[in-house]
Amino acid sequence: MRGLLPRTMSSAERVEIDSLHKIFGDGANSVRAIERISAAVGPGQICSVIGPSGCGKTTLLRILAGLTMPTEGRVVTRPSNVAMIFQQPVMFPWRTVRANIRLPLELHGRVGEEEEQRISDLLDGLGLRGFGDRRPSELSGGMLQRVSLARALISDPGLLLLDEPLSALDEMTRESLWCELRTILKRDDLTVLLVTHSIREAVFLGDMVMVLSRRPALVRSLHDVDFGLRSLSLLDDGNFSSLCRKLRSELE
Ligand SMILES: Nc1ncnc2c1ncn2[C@@H]1O[C@H](COP(=O)(O)OP(=O)(O)O)[C@@H](O)[C@H]1O
Ligand SMILES: [Mg+2]
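All values derive from a computational prediction rather than experimental measurement. In this convention, every chain numbers its residues from 1, walking through the sequence in written order. All chains are assigned letters beginning with A, and all ligands numbers beginning with 1, in the order in which they are written. Since the coordinates come from a predicted model, pLDDT governs what is reported: local features require at least 70, and pairs of side-chain atoms require 80 or more to be given and counted, while whole-chain, interface and lining totals use all residues.

(A) The overall build of the protein chain, seen in detail. Segments assigned H or I by DSSP are reported as helices when at least four residues long, segments assigned E as strands when at least two residues long, and all are numbered from the N terminus. Helix and strand content of the protein chain: seven helices and nine strands. Radius of gyration here uses only the C-alpha atoms, and the compact-globule reference equals 2.2 Å multiplied by the residue count raised to the power 0.38. A compact globule built from 252 residues should have a C-alpha radius of gyration of about 18 Å, and the protein chain, at 18 Å, falls within 12% of that. When its C-alpha atoms are laid out on the principal axes, the protein chain stretches across 50 × 45 × 35 Å. Here a residue counts as buried when 20 or more other C-beta atoms fall within 10 Å of its C-beta, as exposed when 12 or fewer do, and as partly exposed in between; the C-beta atoms come from the backbone. The buried share among the 252 residues of the protein chain stands at 37%. The contact criterion used is a C-beta to C-beta distance within 7 Å, with each C-beta placed from the backbone. Counting contacts in the protein chain only where the partners sit at least 6 residues apart, residues at least 24 apart contribute 74% of the total.

In structure tokens:
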């Protein structure tokens, strides 16, 4: 058993994109969202993506999820099972928390005792014990994002795409979730692309940080982050602050 979920096979694979371009529309009203993005993220790595608002971050994730086709270039390789978490948790309000998490399994016709146990393990692991039979309207924003995470993890994704998953939360809730989130992602050895507008979040959670330029987005720089184990005391570390400053100056 590795992490929260028993895995029958390793789904951690490499992600590689080559010269992606994306133009929306045509003629005078066309929008060049992405220009020539190439990147590789190794199995089990968390790559944070930061860039100015509207530069094409969501578009990049949507291309990786197969929801949007690139105009040019290609996704060279990516795990087949991709899960995406959006900025606002998307829940079915009439379903209980447990039934929301179960949904991807139902769609694949895989629901049994073992699966119910996995849902219970996920609820426990994400601090949601006792909330499985509640409706989404009874949960806070932070809890709902954990439910989204549980629903993404239940299908054992090889690639997890997180689009500003914590941005709707207040700063204190967000920071308290950072350690938990990093622990869960690392425990399951997940390959992750995390889009965030918080530089501190990008550095705290990432093994690498990709800085995108203004639209049309291209990769401005890539930074390795080697702080080893992450705890909230890292936020006061001089090296942490200086990397954040460097990234901020690149974005300005
Ligand atoms: N489906 C679409 N049709 C037309 N333009 C779009 C579409 N999706 C995104 N765009 C445009 O592409 C640009 C990048 O959008 P997006 O990827 O959402 O940016 P970000 O996530 O970095 O804020 C924006 O100018 C946006 O208006
Ligand atoms: Mg976006």
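(B) Representation of the domain arrangement of the protein chain. Just so you know, the domain bounds were taken from an automatic or database domain assignment. Each domain of the protein chain was delimited in the assignment, giving domain 1 (1–13 + 41–68 + 77–81 + 157–252) and domain 2 (91–155). Once you take the C-alpha centre of each, domain 1 and domain 2 turn out to be 23 Å apart. Each side of the interface is counted separately: domain 1 has 13 residues, and domain 2 has 10 residues. Looking at which element gives the most residues to the side of domain 1 that touches domain 2, the answer is helix α5 (residues 171–187), with three residues. Grouping the amino acids of the side of domain 1 that touches domain 2 by side-chain chemistry returns 10 nonpolar, two polar and one charged. Any residue that is not Ala, Val, Leu, Ile, Met, Phe, Trp, Tyr, Cys, Pro, Asp, Glu, Lys or Arg is counted as polar, Gly included; the first ten are nonpolar and the last four charged.

(C) Main features of the pairing of strand β5 (residues 82–85). Burial along β5 is two-sided: the face carrying V82 and M84 and the face carrying A83 and I85 are both buried. For two strands to be treated as a pair, DSSP must find no fewer than two bridges joining them. Across four bridges, β5 lies against strand β6 (residues 159–163) in parallel orientation. Residue pairing across strands places V82 opposite L159, the latter belonging to β6.

(D) Summary view of the site of ligand 1. In the vicinity of ligand 1 lie 13 residues, with F24, A33, K57, T58 and T59 positioned nearest. Of all the secondary-structure elements, those providing two or more residues to the shell around ligand 1 are β2 (31–41) and α1 (57–65). Looking at the shell around ligand 1, its residues break down into four nonpolar, seven polar and two charged. Residues are counted as near a molecule or strand when the C-beta atom, derived from backbone positions, lies within 6 Å of that molecule or strand.

(E) Spotlight on helix α4 (residues 141–153). With 13 residues, α4 extends 18 Å between its outermost C-alpha atoms, agreeing within 8% with the 18 Å of an ideal straight helix rising 1.5 Å per residue. Of all 13 residues that make up α4, 10 are buried, and the element is covered over most of its length. Within α4 the residues assigned to the buried category are L144, Q145, R146, V147, S148, L149, A150, R151, A152 and L153. Where α4 is buried, its residues meet β5, α2 (97–107), α3 (113–125) and β6. For a helix, the expected span equals 1.5 Å multiplied by the number of residues minus one.

(F) Structural context of the nonpolar core. Grouped together as the largest cluster of nonpolar side chains are 62 residues, with contacts concentrated most on V49, A150, L161, V192 and L193. It is α4 that provides the largest number of residues to this core, a total of six residues. Taken domain by domain, this core gets at least three of its residues from each of domain 1 (1–13 + 41–68 + 77–81 + 157–252) and domain 2 (91–155). Not counting residues up to four positions away in its chain, the partners in contact with V192 are I46, C47, L160, L162 and L185. For the purposes of this analysis, a nonpolar core is taken to be any set of buried Ala, Val, Leu, Ile, Met, Phe, Trp, Tyr and Cys residues that are connected through C-beta atoms within 7 Å.

(G) Molecular detail of the packing of α2 against α4. Where α2 meets α4, the axes come as close as 7 Å, and the angle between the chain directions of the two elements is 30°. As for the relative orientation of α2 and α4, their crossing is right-handed in sense. Between α2 and α4, the contacting residues are V97, N100, I101, L103 and P104 on the first element and V147, A150 and R151 on the second. Each residue belonging to the contact of α2 with α4 can be placed in one class, and the counts come to six nonpolar, one polar and one charged. As a rule, the C-alpha atoms of each element are fitted with a line to give its axis, helices using only the stretch in contact, and angles between N-to-C directions run from 0 to 180 degrees. By the definition used in this description, the sense in which the near helix is turned from the far one sets the handedness, with an anticlockwise turn below a right angle giving left-handed and a clockwise turn giving right-handed.

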